[in-house]
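Okay, here's what each chain looks like letter by letter:
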Amino acid sequence: CVDFKEYLSDECGLNGETPANYFARFRKVLKKAVDDGIFIKNPAEGIINRIDKNSVKKDVLTSDEIKKLFNTTCGNEEIKKSFLFGCFTGFRPSDIYKLKWKNVVGDSIQMEQSKTGVVNKIKLKPEIIALIGKRGKPDDNIFNINNPKTGKLITLNGINTVLDNWVKKAGIEKNITAYCSRHSFGTNIYLFSKDIKSASQLLGHTSLEHTIKYVRKAEQLENDAIDKLPGFI
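Remember, predicted model here, so these are calculated numbers, not experimental data.

Caption draft 1: Focus on the confidence of the model for the chain. On average, residues of the chain score 84 in pLDDT, and 90% of them reach the 70 mark or higher. Ranking the elements of the chain by mean pLDDT puts helix α10 (residues 212-227) last, at 75, and helix α4 (residues 77-89) first, at 94. Low confidence marks residues 52-56, where pLDDT is under 50. Its contacts with residues over four positions away, or in another chain, come to two contacts.

Here you go:
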């Protein structure tokens, strides 16, 4: 349900209030299923997709900002490592938190994406291999994002709070959430390669339509860079 909410908000091209409205309808269907005895408990309980007209649109990080974050301490080093991993692989946060050591084959990582079923294989840069650390047992998780008190995965809100504090500590004035690692990867891949097909394949998209938003964001960053150049007068 969390994955579906993120999909509506970030990937399927919906704008404005539509993602929240669609998820609200989805919640009603699940509630009806509970009322009819099909489900014992509503799996979307506690997952809220509020309409906030004043909310800040999610940002992406430049390569320099990612380096700055790498050199900044974080309140939770596992969340830091998993986020940086996403910036260099483009895996969705929900997939990253489930990655196991058996998914690492040589200098690459491969995993079937939970949303699309597409097997995504990404080459890992040496510094990323060093970042994830010593190899564990095949079925061990690469990242330990569990709450030590409950043993369960830290909530998305909890992860985003850690990220927000970390980003502010690094002096970066952007609205960064867990999903921004994937956004940053897609944008930077296109920014440096100008190859939309390769960017789409690396992101595991089933259609180029999903990749277009990264192209637009990359072009926006380029225009912003040009605007910052000093004038001649």
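Caption draft 2: Structural context of the side chain of Ser82. Counting through the fold element by element, Ser82 comes out in helix α4. We classify Ser82 as buried; its relative accessible area is 3%. Within the local environment of Ser82, its side chain forms a polar contact with the backbone oxygen of Ile79, the two atoms lying 2.9 Å apart.

Caption draft 3: Region of the structure containing the packing of aromatic side chains. Taken as a whole, this structure holds six aromatic pairs when the rule is applied. Measuring from centroid to centroid gives 5.7 Å for Phe23 and Phe26, while their planes differ by 50 degrees, and the two rings are tilted. Of this pair, Phe23 and Phe26 both sit in helix α2 (residues 18-35), three residues apart, which is roughly one turn of the helix. A relative accessible area of 1% means that Phe23 is categorised as buried. When the ring of Phe85 is compared with that of Phe91, the centres are 6.4 Å apart and the planes differ by 35 degrees; the resulting orientation is tilted. Cluster of aromatic residues (ring-pair linked, three or more members): Phe4, Phe23 and Phe26. The ring of Phe70 carries Lys80 above its face, with NZ or CZ at 5.9 Å from the centroid.

Caption draft 4: Looking closely at the nonpolar core. Residues Leu69, Phe83, Phe85, Ile109, Ile142 and Ile159 are the most contacted members of the largest nonpolar core, which totals 36 residues. Elements with a minimum of two residues in this core: α3 (63-70), α4, β2 (108-112), α6 (126-132) and α7 (156-169). When residues no more than four places from it in sequence are discounted, the contact partners of Leu69 are Leu61, Lys80, Phe83, Trp166, Val167, Ala170 and Ile172.

The rules we used
- Residues numbered from 1 in each chain as written.
- Predicted model: local features only at pLDDT ≥ 70, side-chain atom pairs only at ≥ 80, totals over all residues.
- Heavy atoms only, no water.
- pLDDT = per-residue confidence, 0-100.
- Helix = DSSP H or I, 4+ residues; strand = E, 2+ residues; numbered from the N terminus.
- Contact = heavy atoms within 4.5 Å.
- Buried < 20%, exposed > 50% of the residue type's maximum accessible area, 1.4 Å probe, protein only.
- Polar contact = N/O pair within 3.5 Å; in protein donor to acceptor, adjacent residues only side chain to side chain.
- Phe/Tyr/Trp six-rings, centres within 6.5 Å; stacked < 30°, edge-to-face > 60°.
- Lys NZ or Arg CZ within 6 Å of the ring centre and 35° of its normal.
- Core = buried A, V, L, I, M, F, W, Y, C linked by side-chain atoms within 4.5 Å.

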